[in-house]
Amino acid sequence: MTTFISDTFEIQLRAARQALLERLYAQRGGVRSRAEVAADKRARAADDNDAVADPAFDLGSVLGEREAGELAAIDAALARIADGSYGLCLDCGVQIPAARLHAQPTADRCLDCQTRAER
């Protein structure tokens with residue numbers, strides 16, 4: 001992959017990373033950690049004698065896992081850019097088509113290998 005194309009994807013990935021971190025920061029109430037927010041929600045539920053599961057808490061846990069996975073995928077893609085392997089399929093080593101990378105800049109497999117991995 002040419003340096004220009006890698007630079008383009010690096011800019012896109014860094015912007016996505018920053019946006020994700022800002023969204024997580026905002027969701028967590030600024031400087032408060034995820035654990036602090038979760039503890040506050042549980043404490044409020046206990047104070048209200050709410051025996052019903054908190055769907056917002058459960059959704060937050062799922063979103064946190066998804067966002068953590070997204071952040072890890074972005075960081076892995078940035079590492080591949082740094083080591084020169086970005087755009088090469090991890091399984092078969094072929095060049096991942098630029099159209100796939102534009103659609104999914106964190107893609108680490110060609111479509112055929114990704115399809116096999118998901119089975």
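Note that the structure is predicted; figures quoted are calculated from it, not measured.

Student: Any details on the nonpolar core? Residues and values, ideally.
Tutor: Among the nonpolar cores identified, the biggest contains 16 residues, and Leu13, Ile81, Tyr86 and Leu101 are the most heavily contacted of them. Put simply, the parts of the chain that give this core at least two residues each are helix H1 (3-27) and helix H3 (55-83). Among the elements that take part in this core, H3 stands out by supplying five residues, more than any other. Both domains that furnish three or more residues to this core are identified here as domain 1 (2-86) and domain 2 (89-118). Each residue touching leucine 13, except ones within four places of it in the same chain, is listed here: Ile74, Ala77, Leu78, Ile81, Tyr86, Pro105 and Thr106.

Student: Before we move on, could you go through the side chain of threonine 106 and cite the residues and values that matter?
Tutor: Looking at where threonine 106 falls in the secondary structure, it is placed in the loop between helix H4 (98-103) and helix H5 (111-117). In terms of polar contacts, threonine 106 uses its side chain to reach the side chain of glutamine 104, at 2.6 Å. Once you skip the residues sitting within four places of it in the chain, threonine 106 turns out to touch Leu13, Ala73, Ile74, Ala77 and Arg80.

Student: Tell me about the packing of aromatic side chains, and please be specific about residues and values.
Tutor: Across all of its chains, the model carries one aromatic pair by this definition. Here phenylalanine 9 and tyrosine 86 contribute two aromatic rings whose centre-to-centre distance is 5.5 Å and whose plane-to-plane angle is 50°, an arrangement assigned as tilted. One end of the pair, phenylalanine 9, is in helix H1; the other, tyrosine 86, is in the loop between H3 and H4, with 77 residues separating them in the sequence. The class for tyrosine 86 is buried, based on a relative accessible area of 2%.

How each quantity is defined
- Residues numbered from 1 in each chain as written.
- Predicted model: local features only at pLDDT ≥ 70, side-chain atom pairs only at ≥ 80, totals over all residues.
- Heavy atoms only, no water.
- Core = buried A, V, L, I, M, F, W, Y, C linked by side-chain atoms within 4.5 Å.
- Buried < 20%, exposed > 50% of the residue type's maximum accessible area, 1.4 Å probe, protein only.
- Helix = DSSP H or I, 4+ residues; strand = E, 2+ residues; numbered from the N terminus.
- Domains from an automatic or database assignment.
- Contact = heavy atoms within 4.5 Å.
- Polar contact = N/O pair within 3.5 Å; in protein donor to acceptor, adjacent residues only side chain to side chain.
- Phe/Tyr/Trp six-rings, centres within 6.5 Å; stacked < 30°, edge-to-face > 60°.

Honestly, that's just the spatial picture; any functional story needs more than this.
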